[in-house]
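Residues per chain, in single letters:
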Amino acid sequence: CGGGGGGFALEAKPAIETTPTEIVFQPGAVDIGGEISHTLRIENTGEGGVLEIRSVTLEYQAASSEEGTRPALFLKTTPADGAKVAPKDKAEELGLPDLETVEVGFRRYDDSYQRTGTLVIESNDGDNSPLRIKVKVATTTVNLIATPSEVVFQAVQKNKFADRTASLLNTGDATIGIVQVR
């Protein structure tokens, strides 16, 4: 069957891995008009191949016209297109970083719109490109408790005031604005 000493040679393949696998912003963690960010780590867990990050984009549709040119979800920092990431055990030998990061920002507006987006990472990982990572703003819950639950006024004389006291407790995770009491 001939010599040649052949055998199998495994192709050095990169494999993209991110931490976290989903980005969730908590609106209560920032004041209205303020910004916070989360950092996503990109690593190469492949078997020797160099990972090339071809592009990082954020797909997001503004939830309100108020966002204008300042969207609620946005990219703060990304690796340069074409950035290379070595596997941890080969980084020093190859003179390449073993990690890149993406910083995704959230700007809080004074509304209750649900906001979601998708972080899209194009790479040379043949099994996992494009990699799509969900980015969302956690929904807030509003819960108002009134004590007493009902305030009753008996007959109020003409041109006289009657006072009753009620206390309100907000047990939700968002600020409540009271517009009208009926």
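Structure shown above.
Bear in mind the structure is a predicted one, so any value in this text is a computation, not a measurement.

Residues L131, I133, V135 and V137 line the buried face of strand β9 (residues 131–137), whereas the alternating positions R132, K134 and K136 sit on a face that is not buried. Taken together, the 3 bridges between strand β2 (residues 23–25) and β9 define a ladder with parallel strand orientation. In the sheet register, V24 faces β9, and the bridge partner there is K136. Alignment of strand β8 (residues 116–123) against β9, held across 6 bridges, turns out to be antiparallel. Considered in β9, the bridge of I121 is made with L131.

Within the structure shown, the criterion is met by 1 aromatic pair. Across from the ring centre of F74, 4.4 Å away, lies the NZ or CZ of R107, which sits over that ring.

With mixed pairing, 5 strands are arranged side by side in an open sheet as β2-β9-β8-β4-β6. Because the sheet does not close on itself, it has two edges, and the strands there are β2 and β6 (83–85). Between one strand and the next, the sheet's axes are offset by a mean angle of 30 degrees, whatever the strand orientation.

Parameters at a glance
Residues numbered from 1 in each chain as written. Predicted model: local features only at pLDDT ≥ 70, side-chain atom pairs only at ≥ 80, totals over all residues. Heavy atoms only, no water. Buried < 20%, exposed > 50% of the residue type's maximum accessible area, 1.4 Å probe, protein only. Helix = DSSP H or I, 4+ residues; strand = E, 2+ residues; numbered from the N terminus. Pairing = 2+ DSSP bridges. Phe/Tyr/Trp six-rings, centres within 6.5 Å; stacked < 30°, edge-to-face > 60°. Lys NZ or Arg CZ within 6 Å of the ring centre and 35° of its normal. Axes fitted to C-alpha atoms, helices over the stretch in contact; angles between N-to-C directions.

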